[in-house]
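Listed below, chain by chain, are the residues.
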Amino acid sequence: MLNSKIPAGPLENKWKNYKATCKLVNPANKRKMEIIVVGTGLAGASAAASLGELGYKVKAYCFQDSPRRAHSIAAQGGINAAKNYQNDGDSVFRLFYDTIKGGDYRSREGNVYRLAEVSASIIDQCVAQGVPFAREYGGLLSNRSFGGTQVQRTFYAAGQTGQQLLIGAYQALERQVALGNVTMYSRHEMLDLVTIDGKARGIICRNLITGELERHFGHAVLLCSGGYGNVFYLSTNAMGCNVTAAWKAHKKGAYFGNPCFTQIHPTCIPVTGDHQSKLTLMSESLRNDGRIWVPKKQGDSRKAKDIPEDERDYYLERRYPAFGNLVPRDVASRAAKERCDAGYGVGSSRQAVFLDYAAAIERYGKIEAGKQAMDHADHDTIVKMGKDVVKEKYGNLFDMYEKITGENPYEVPMRIYPAVHYTMGGLWVNYELMTNIPGLYCLGEANFSDHGANRLGASALMQGLADGYFVIPYTIGNYLADEIRTAAIPTDHPAFAETENKVKDRINSLMNIKGNRSVESFHKRLGKIMWDKCGMARNAQGLKEAVEEIRALKNEFWSDVKIPGGINELNPELDKANRVADFIELGELMCLDALDRNESCGGHFREEFQTEEGEALRQDDKYMFVSAWEYKGDNKWDLHKEELNYEVVKPSQRSYK
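Counting restarts for each chain: residues are numbered from 1 in the order of the written sequence. Only residues with pLDDT of at least 70 are given local features in this predicted model, and only at 80 or more are side-chain atom pairs given and counted; all residues enter the totals for whole chains, interfaces and linings. Hydrogens and water are ignored here; the side-chain numbers use all heavy atoms of the structure.

**Examining the domain arrangement of the protein**
Each domain's extent was defined by an automatic or database domain assignment. Considered domain by domain, the protein is made up of domain 1 (266-419) and domain 2 (500-616). Relative placement of domain 1 and domain 2: their C-alpha centres are 34 Å apart. In this assembly, 11 residues from domain 1 lie in contact with 10 residues from domain 2. Accessible area that two parts lose when put together, with a 1.4 Å probe and added across both, is what the buried area reports. Summed over both sides, the interface of domain 1 with domain 2 buries roughly 770 Å², with 56% coming from carbon and sulfur. It is Asp 330, Arg 334 and Lys 337 in domain 1 that bury the most area against domain 2; as a group they hold 53% of the surface buried on that side. Criterion for a salt bridge: a side-chain nitrogen of Lys or Arg within 4 Å of a carboxyl oxygen of Asp or Glu. Residue Glu 615 pairs with Arg 319 through a salt bridge whose shortest N-O separation is 3.2 Å. Any N or O atom pair separated by 3.5 Å or less is treated as a polar contact, with the protein-specific requirement of one donor-capable and one acceptor-capable atom, and with residues adjacent in sequence counted only for side-chain atom pairs. Linking domain 1 to domain 2 there are 5 residue pairs in polar contact (both at pLDDT 80 or more). Strands are runs of DSSP state E lasting at least two residues, helices are runs of H or I lasting at least four, and both sets are numbered from the N terminus onward. Here the side of domain 1 that touches domain 2 gets 5 residues from one element, more than from any other, and that element is helix α9 (residues 329-341). Any two residues whose heavy atoms approach within 4.5 Å are treated as being in contact.

Right, dumping it as structure tokens:
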């Protein structure tokens, strides 16, 4: 069994006791220690900034031209924290409980409680950095609701929270760059991990401008490279998001935890055709005020405004009265799919449902009219005032929807449908965020640790910043305290040369295929296999077929892919080919993991395991564990299990009714 290194003692004291007893590195020794941070989104930027502030010599790498382009900017809706400003019953324990329950009892108590515990400090940190959170009239920070909760704990900056938080972390990072504590390597992509005597000691990077391979040493390596949702080709992720850094570490021995746990976000603009290369997320914050519905009549082709109220099915409110439109994402996504599959979908494709703001506009308008003592305001005035309030809260999201669809969401309901968004799986890490490879850490979405089988909305930003600002500065010292006698290892060490040569051989192999099919065509075909057979619903037969189809696709890729251009130059197609090759291997493991887990939980919905009402049916007696896969060669993995022991929360059938 895997050792998660959860500290002993009461849940609420674990992190406090850990910080009080972990090993420390004195300031003079910190200046001698080199730390590599791969990825500079929220987790990576906050970690690099924090470690630089502590005095470590940090080297940070991003494949974009600036950390400001990290996909963290796309997290629009907000960030959770247990501040209880609303005085509505929130607490650290309730945030902890909601997260455990939302993840369908497949996450670690110790990690999740720590996340809830430090959440309030994240808000203080970001306010101090100047993040412009929305505020109430009296000056307190404003909160709104998100899925899976019955309190308002989500802090936000209009509809661009991720962007504002990233700018805050970026400013902190750039300050350390200016001070000389952090060296920034933009347009660099990690292509392999270097291990010496079983410990992570560096990386091999490709300079994406020149094509040159570079060797970089570090006493420790932090992977903060985000999730792998683009294995499905169409997702809400930026097109550059990939699994390569984590996958290279996996092939060097790092276990991959729960790879099949994929989140399907219920609030995305529907697919319009084969021409699309990505999907657009409409923030979950819109479910805070919007109402989701479909016509009660199958195949109803009338416009939304022509369908009377009594002929509308507000199916989430009907099925889940306690939470209504704010059920967790996996529940809302499956409910939308069920309605569309049953013939109640809307739009030309019939693969969409309505997200309607008419009631919210009217409600806000009446409130504003009341404020101004306009007791006899007419309907048009009320609607105008309500639109102004909605515009202030969600304006950029509404503008984005109109630009993409050509429809005005203030006048007609938005059309939405579920799409791949976030990956709860990732590299297995212990309580210290260290993988099973000593010296190799993994933070943020790239690890598996905090969200179980389903992530609650607004918790991604929370985890990324918690890991970077408040967890890794303590836990990495516990490891580096024993490394202070280790001098910097020269990069002409045989391990660096050997690893670089393997990277070089792989690149040469790709370029020498000289086939007939584009990289994009292989990625699209992989995505279709994954979405059809390992997407919102899975079954044993489909997963077995997917494994065989992916293996055949892999053979075809390595014999018929066409990569134009050269090696020692700017070559985005070569970069893409490297990433798609890794996605193909990951896709196989995801299907094998989904096939092995004979239960439904959170985002993993096996059709054979569901209740009479169509809800996920867990098998706690058989699958109360983390699946941690060890790479053993082509098409071969060994399964290791980390038992999940719940001492405080008692797992039960999730109910949002």
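**Topic: the pairing of strand β2 (residues 57-62)**
Within β2, 5 of the 6 residues are buried, which leaves the element mostly enclosed by the surrounding structure. Handedness rule for crossovers: strands pointing away from the viewer, path from the first strand over the helix to the second running clockwise, crossover right-handed. One crossover worth recording links strand β1 (residues 34-38) to the parallel β2 by way of helix α3 (residues 42-54), and it is right-handed. Examined bridge by bridge, β2 and strand β5 (residues 182-186) share 5 bridges and lie parallel to one another. The partner of Lys 59 across the bridge, within β5, is Thr 183. In this scheme, a residue with accessible area under 20% of its type's maximum is buried, one over 50% is exposed, and one in between is partly exposed, where area comes from a 1.4 Å probe on protein chains only. Strands are labelled as partners when DSSP assigns at least two bridges between them.

**Some words on the sheet that holds strand β9 (residues 220-223)**
Read across the open sheet, the 5 strands follow the order β5-β2-β1-β9-β17; overall the sheet is parallel. The sheet is open, and its two edges are formed by β5 and β17 (440-442), each paired on a single side. Recorded for the sheet is a direction-independent mean angle of 20 degrees between the axes of neighbouring strands. In this structure, β1 lies alongside β9, joined through 4 bridges in parallel fashion. Bridging from a neighbouring strand, Ile 35 pairs with Ala 220 of β9. Angles here are taken between N-to-C directions and fall from 0 to 180 degrees, while the axes themselves are lines fitted to C-alpha atoms, restricted in helices to the stretch in contact.

**Topic: the packing of aromatic side chains**
We call Phe, Tyr and Trp rings a pair once their centres come within 6.5 Å, taking the six-membered ring for Trp, and we label the pair stacked below 30 degrees between planes, edge-to-face above 60, and tilted otherwise. Applying the stated criterion to the full structure yields 25 aromatic pairs. Their ring planes at 80 degrees and their centres at 6.4 Å tell us that Tyr 105 and Tyr 646 sit as a pair that is edge-to-face. Here the residue Tyr 105 occupies a position in the loop between α4 (92-102) and α5 (109-129), and Tyr 646 occupies one in the segment after β21 (637-643), the gap between them amounting to 541 residues. Taking relative accessible area as the criterion, Tyr 646 reaches 12% and is therefore assigned buried.

**Here's the deal with the packing of helix α15 (residues 540-560) against helix α16 (residues 572-596)**
Closest axis-to-axis distance for the α15/α16 pair is 9 Å, and the angle between their directions is 160 degrees. If you check the angle between α15 and α16, you find them roughly antiparallel. As α15 runs across α16, the sense of the crossing is left-handed. When α15 is examined against α16, the residues Ala 540, Leu 543, Lys 544, Ala 546, Val 547, Ile 550, Arg 551, Leu 553, Lys 554, Phe 557 and Trp 558 are found in contact with a partner set consisting of Ala 577, Val 580, Ala 581, Ile 584, Glu 585, Gly 587, Glu 588, Cys 591, Leu 592, Ala 594 and Leu 595. Classes in brief: Ala, Val, Leu, Ile, Met, Phe, Trp, Tyr, Cys and Pro nonpolar; Asp, Glu, Lys and Arg charged; the others, Gly included, polar. Residues of the contact of α15 with α16, tallied by class, amount to 16 nonpolar, 1 polar and 5 charged. Working definition: roughly parallel below 35 degrees, roughly antiparallel above 145 degrees, roughly perpendicular at 65 to 115 degrees, and oblique for all remaining angles. Definitions for this section: a left-handed crossing has its near helix turned counterclockwise from the far helix by less than a right angle. A right-handed crossing has that turn clockwise.

**Looking at the sheet that holds strand β11 (residues 262-268)**
What the 5 strands build is an open sheet, ordered β11-β15-β14-β12-β13; its pairing is antiparallel. Every other strand in the sheet has two partners, leaving β11 and β13 (312-313) as the edge strands with one partner each. One ladder, built from 2 bridges, connects strand β12 (residues 291-295) with β13; its direction is antiparallel. When the sheet's bridge partners are listed, Val 294 is paired in β13 with Asp 313.

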